[in-house]
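A structural walkthrough
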Amino acid sequence: MTETTDTRSTTAPPPTVWPAFRARDARALIRFLVDALGFEETAVYGEGDVVQHAQLSWPPGGGVMLGSVRDDEGWTVAPGSTGCYLVSDDVDALFDRAVAAGAEVFRPLQDTDYGGREFAVRDPEGNLWSVGSYRGEPRRS
């Protein structure tokens, strides 16, 4: 592994990339992501079982957007076909939380060759959620 100098500023820009996907049961998926992984429910628009739009914030920064499957033009992401990576400062505690909430473990808690710690679970829709301590390489100034 090559060492790099961390040149990131102490103030990160606001998130402008939001993974977005559809769900067969969006309300159940929202509950899972909040209860099992620790997302915060920021906005949910819809009536009854239909969610037109939901924004879930990831406490360290960023988040995801999702909605119920529906027929409309231009959005063809099939339910269960998304994968996201979440950075956590306490991967072990988040693993315990996910397992306690009934998450299906896809990849068990493990240390990586590059110095991180991670695991992966599958949500009830079939999407994969990888959680790890690796924050990616620093942005270049």
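Residues numbered from 1 in each chain as written. Predicted model: local features only at pLDDT ≥ 70, side-chain atom pairs only at ≥ 80, totals over all residues. Heavy atoms only, no water.

**Focus on helix α2 (residues 91-100)**
Of the positions making up α2, those classed as buried are V91, L94, F95 and A98. The buried residues of α2 occupy one face: seen down the axis, they fall within an arc of 105 degrees. Opposite its buried face, α2 presents the exposed residues D96 and A100, each directed more than 90 degrees away. On its buried side, α2 packs onto α1 (26-37), β6 (104-111), β7 (117-122) and β8 (128-132). Immediately downstream of α2, the backbone of G102 shows phi near 90 degrees, a positive value. (Buried < 20%, exposed > 50% of the residue type's maximum accessible area, 1.4 Å probe, protein only. Helix = DSSP H or I, 4+ residues; strand = E, 2+ residues; numbered from the N terminus. Arc of directions from axis to C-beta. Contact = heavy atoms within 4.5 Å.)

**Section: the environment of D35**
Relative to the elements of secondary structure, D35 occurs in helix α1. Those residues in contact with D35 that sit more than four places away from it in its chain are R97 and A101.

**Re the pairing of strand β4 (residues 63-68)**
The buried fraction of β4 is high, at five of six residues. Sheet topology note: the strand β1 (residues 20-23)/β4 ladder contains four bridges and is parallel. From the neighbouring strand, F21 faces β4, where its bridge partner is L66. Of the strand pairs in this sheet, strand β3 (residues 50-57) and β4 are connected by four bridges, and their pairing is antiparallel. If you follow S57 over to β4, its bridge partner there is G63. (Pairing = 2+ DSSP bridges.)

**Focus on the nonpolar core**
Ranked by size, the top nonpolar core spans 28 residues in total, and within it L33, L37, F39, V64, L66, F119 and W129 carry the most contacts. Contributing elements (two or more residues each) for this core: β1, α1, β3, β4, β5 (83-87), α2, β7 and β8. No other element matches the eight residues that α1 contributes to this core. (Core = buried A, V, L, I, M, F, W, Y, C linked by side-chain atoms within 4.5 Å.)

**Details of the pattern of salt bridges**
Applying the stated rule across the entire model yields eight salt bridges. With a closest N to O distance of 2.7 Å, R117 and D92 form a salt bridge. On the criterion of sequence distance, the pair formed by R117 in strand β7 and D92 in helix α2 is long-range, its members being 25 residues apart. Among the residues examined, D92 registers a relative accessible area of 31% and is labelled partly exposed. For D111, the salt bridge goes to R117, with nearest N and O atoms at 2.8 Å. (Salt bridge = Lys/Arg side-chain N within 4 Å of Asp/Glu carboxyl O.)

**A few points about the pairing of strand β2 (residues 40-47)**
Relative to β3, β2 runs antiparallel, the two sharing seven bridges. By the bridge assignment for β3, Y45 is matched with H53. Hairpin connection, β2 to β3: the antiparallel pair is bridged by two residues, and G48 has positive phi, about 60 degrees.

**Remarks on the packing of α1 against α2**
One can describe the packing of α1 onto α2 by two numbers: an axis separation of 7 Å at closest approach and a directional angle of 135 degrees. When the interaxial angle is binned, α1 and α2 end up oblique. Contacts between α1 and α2 involve V34, D35, A36 and L37 from the former and L94, R97 and A98 from the latter. Its residues placed into classes, the contact of α1 with α2 shows five nonpolar, no polar and two charged. (Axes fitted to C-alpha atoms, helices over the stretch in contact; angles between N-to-C directions. Parallel < 35°, antiparallel > 145°, perpendicular 65-115°, else oblique. Nonpolar A, V, L, I, M, F, W, Y, C, P; charged D, E, K, R; others polar.)

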